[in-house]
Amino acid sequence: APRLTHRPGPAGQRGAAALLVTTLLCLAMLLAVAFANRNLLVGESVSARAYRSTQAFEAAEAGLAWAQARLNDPTRIDDDCEPGTNPLLVSARDRWLRLDEATAAITPATWNDVGTAAPLHAACVQADTGWSCSCPANGAPARPPRATDTVAAAFEIEFAAGSRPGLVRVVATGCTRGDLDCAAVAPGPHDAIARSEAQLALLPAMRSTPVAALSVRGNVDAGSAAI
């Protein structure tokens with residue numbers, strides 16, 4: 001008996017070709033969506049890093065301005081960098097710096113860190129109500145406890161001897177994690193760190209040394225007191 005053989009017609013071949021083309025188009029669309037999503041994620045990561053870097057840099061610049069303002073302020077401060085009335089307190093300049101009148105050398109005050117003389121430094125963390133600072137007279141700055149994922153601008157202020165007598169070097173380190181030490185650059189726990197340095201000089205109270213212990217214009221009436 002003759003055997004019947006079925007061969008697919010042109011319509012069946014066109015259907016298979018259409019399925020292959022549709023599959024390839026779907027794969028191409030998936031690749032395009034994945035590539036666009038990757039570009040979006042990379043863009044977000046770059047933007048976040050730029051934001052953190054700017055935040056750390058601005059924190060370091062704010063630290064320099066804050067340190068200079070504190071050195072120029074004769075107000076007595078406590079360990080929280082707040083004005084205090086205790087007669088045992090001293091100003092920020094007297095707390096942080098030591099001046100050798102004979103050589104005009106300015107050096108940072110130190111504290112005993114397990115047998116090592118470590119320079120005193122201050123730290124500030126940005127909080128909801130402003131900056132919270134720590135200016136210990138003996139020891140490392142205290143930092144408020146924060147969650148490990150909390151992002152908060154912070155800066156630390158350190159002092160060192162200047163390049164010549166009469167100068168002091170101020171180093172401000174800004175970072176984006178208030179729960180960690182900004183100056184601890186290793187192993188790199190911060191999102192961003194920035195350092196700003198400046199050399200400051202103490203200006204004399206008078207432009208020139210007076211020629212006499214007492215210089216007046218006109219007469220002086222000291223009463224019965226001896227001059």
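Look up a bit, the structure's there.
Residues numbered from 1 in each chain as written. Predicted model: local features only at pLDDT ≥ 70, side-chain atom pairs only at ≥ 80, totals over all residues. Heavy atoms only, no water.

**Observations regarding the pairing of strand β10 (residues 167-175)**
For clarity, the threshold we go by: Exposure categories follow from relative accessible area, calculated using a 1.4 Å probe and restricted to protein chains: below 20% of the type maximum is buried, above 50% is exposed, and the middle band is partly exposed. Put simply, DSSP H or I for four residues or longer makes a helix, DSSP E for two residues or longer makes a strand, and each gets a number counted from the N terminus. Strands were regarded as paired on the criterion that DSSP finds at least two bridges between them.
The buried fraction of β10 amounts to eight of the nine residues, a majority that puts the element mostly inside the structure. Of the strand pairs in this sheet, strand β9 (residues 154-161) and β10 are connected by eight bridges, and their pairing is antiparallel. When the sheet's bridge partners are listed, Ala154 is paired in β10 with Cys175. Taking the residues that link successive antiparallel strands as the turn, the β9-β10 hairpin has five residues, and the phi of Gly166 there is positive, at about 95°. With nine bridges joining them, β10 and strand β11 (residues 193-201) adopt antiparallel strand pairing. Residue pairing for β11: Val171 is matched across the bridge by Glu197.

**Details of the pattern of salt bridges**
To be explicit about the condition: For salt bridges, the criterion is a side-chain nitrogen of Lys or Arg within 4 Å of an Asp or Glu carboxyl oxygen.
Scanning all chains against the criterion turns up three salt bridges. Between Glu197 and Arg169 there is a salt bridge; the shortest N-O distance is 3.2 Å. Separated by 28 residues along the polypeptide, Glu197 in strand β11 and Arg169 in strand β10 bring together distant segments of the chain. Judged by relative accessible area, which is 45%, Glu197 ranks as partly exposed. The exposure class assigned to Arg169 is partly exposed, which follows from its relative accessible area of 29%.

**Brief notes about a nonpolar patch on the surface**
As a reminder of what qualifies: Patches were defined on residues exceeding 30% relative accessible area and lacking a salt bridge, with like-charge contacts within 9 Å and nonpolar side-chain contacts (Val, Leu, Ile, Met, Phe, Trp, Tyr) within 5 Å. Residue burial considers only the protein chains on display, and all accessible areas are found by Shrake-Rupley using a 1.4 Å probe.
Taken together, Leu214, Val216, Val220 and Ile227 make up a surface patch of nonpolar side chains, about 430 Å² in accessible area. In this structure, Leu214 sits in the segment after β11.

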